Amino acid sequence: MIIDVPELSLVALVGISGSGKSTFARTHWKPTQVLSSDFFRGLVADDENDQSASSDAFEVLHYVAGKRLAAGRLTVVDATNLQSHARAGLVKVAREHDVLPVAIVLDVPEALAWERTQAREDRTFGRQVLTRMHRDLRRSLNQLAKEGFRKIHVLRGTEQIEAAEIRYEKLF
Ligand code: GTP
Ligand code: MG
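Every value quoted in this text rests on a predicted model; they were computed, and no experiment measured them.

Asks: I tried to follow the site of ligand 1 on my own but got confused; where do I start?
Replies: What surrounds ligand 1 is the set I16, S17, G18, S19, G20, K21, S22, T23, R116, R120, R123 and E162. One of the side-chain N or O atoms of R116 is found 3.4 Å from an oxygen atom in ligand 1. In isolation ligand 1 exposes 650 Å². Once the protein is present, 71% of that is buried. With 3 residues, helix α1 (residues 21-28) is the largest single contributor of residues to the shell around ligand 1. Class assignment for the residues of the shell around ligand 1 results in 1 nonpolar, 6 polar and 5 charged.

As structure tokens, then:
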């Protein structure tokens, strides 16, 4: 499955915890092209899981994204991006720099994500948290286009996710 992405874009990964966003990001981009919410929470609060640090973390993440886009560098945001207001921040940064916001949705069954989550040491939340995320994801699928995402790619299931290939479109 080919995923067309403009050469200069702000790519928002969208998916519940355990859907494979960080794995996908590692597969397709250089570490420096990927801004992850975990990393920025760690940076501002010494703890990648400290949800109370999210607001500060995203403020810094948006700032860095802006600097990268101003310099013409493709930027990928590795966060769940399941809330409309979280995505609005990304669309805003993209627009401020005349860059297209692109969404790549990783849509895996909740049961698979839960299985993976239970096997991880760095995730301790309960099943109901994942269920809420999954509900938010379903809602998100209807909202992305009207929020301003110019390209929306939805990868359904591990097969499509693992087979995905990114192709860069030249901008004229
Ligand atoms: P959060 O950071 O919690 O939001 O999760 P995430 O979406 O970044 O998921 P992550 O990439 O960390 O993947 C979670 C677990 O699933 C890891 O242990 C991965 O090894 C496994 N995993 C992720 N993607 C794939 C995949 O495409 N195939 C297989 N077999 N395993 C995967
Ligand atoms: Mg991750």
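Don't stop here, the text continues.
Asks: Explain the sheet that holds strand β6 (residues 151-156) here, please?
Replies: Within a sheet, adjacent strands bond to each other through the backbone by hydrogen bonds, running parallel or antiparallel. Read across the sheet, 5 strands follow the order β3-β4-β2-β5-β6 without closing on themselves; strand pairing throughout is parallel. Strands at the two margins of the open sheet, each flanked by one partner only, are β3 (34-36) and β6. Taking each pair of neighbouring strands and ignoring which way they run, the sheet shows an average axis angle of 20 degrees. Bridge analysis of β3 against strand β4 (residues 75-78) gives 3 bridges, and the strand direction is parallel.

Asks: Even after reading the chapter, I still don't get the pattern of salt bridges, so can you show me in this structure?
Replies: Where charged atoms from two side chains of opposite charge come close, those side chains can pair. Applying the stated rule across the entire model yields 13 salt bridges. Taking the shortest distance from any N to any O, the salt bridge between D107 and R138 comes out at 2.8 Å. Here D107 is found in strand β5 (residues 100-107), whereas its partner R138 is found in helix α6 (residues 127-147), with 31 residues between them in sequence. Judged by its relative accessible area of 9%, D107 falls in the buried class. A single salt-bridge network, built from bridges that share partners, covers D38, R41, R120, D122 and R123.

Asks: How should the packing of helix α3 (residues 54-70) against helix α4 (residues 84-96) be read in this particular structure?
Replies: Packed helix pairs are specified by the crossing angle of their axes together with the interaxial distance, meaning the distance between the axes. For the pair α3 and α4, interaxial distance at closest approach is 9 Å and the crossing angle is 25 degrees. It follows that α3 is roughly parallel to α4 by the angle criterion. In the crossing of α3 with α4, the sense of the turn from one axis to the other is right-handed. Of the residues in α4, those touching α3 at L61, H62, A65, G66 and L69 are G89, L90, V93 and A94.

Asks: I tried to follow the pairing of strand β1 (residues 2-6) on my own but got confused; where do I start?
Replies: Looking along a regular strand, one sees the side chains alternate between the two faces of the sheet. The element β1 is largely enclosed, with a buried count of 4 among its 5 residues. Sheet analysis places β1 next to strand β7 (residues 165-169), joined by 5 bridges and oriented parallel. From the neighbouring strand, P6 faces β7, where its bridge partner is E169.

Asks: I tried to follow the side chain of S9 on my own but got confused; where do I start?
Replies: Position of S9 relative to the elements: it lies in strand β2 (residues 9-14). Of the polar contacts made by the side chain of S9, one reaches the backbone oxygen of P6; its length is 2.9 Å. Not counting chain neighbours up to four residues away, the residues in contact with S9 comprise L69, L74, T75, V99, L100 and V102.

Asks: Got a minute to help me understand the environment of R138 in this structure?
Replies: Accessibility expressed as a relative area gives 35% for R138, which makes it partly exposed. A C-alpha to C-alpha distance of 25 Å links R138 and R95, two positions 43 residues apart in sequence.

The rules behind the values
- Residues numbered from 1 in each chain as written.
- Chains lettered and ligands numbered in written order.
- Predicted model: local features only at pLDDT ≥ 70, side-chain atom pairs only at ≥ 80, totals over all residues.
- Heavy atoms only, no water.
- Near = heavy atom within 4 Å.
- Polar contact = N/O pair within 3.5 Å; in protein donor to acceptor, adjacent residues only side chain to side chain.
- Areas by Shrake-Rupley, 256 points an atom, 1.4 Å probe, with all protein chains shown as cover.
- Helix = DSSP H or I, 4+ residues; strand = E, 2+ residues; numbered from the N terminus.
- Nonpolar A, V, L, I, M, F, W, Y, C, P; charged D, E, K, R; others polar.
- Pairing = 2+ DSSP bridges.
- Axes fitted to C-alpha atoms, helices over the stretch in contact; angles between N-to-C directions.
- Salt bridge = Lys/Arg side-chain N within 4 Å of Asp/Glu carboxyl O.
- Buried < 20%, exposed > 50% of the residue type's maximum accessible area, 1.4 Å probe, protein only.
- Parallel < 35°, antiparallel > 145°, perpendicular 65-115°, else oblique.
- Left-handed = near helix turned anticlockwise from the far one by under 90°.
- Contact = heavy atoms within 4.5 Å.

From the geometry alone we can't say anything about function, so treat these as descriptive.
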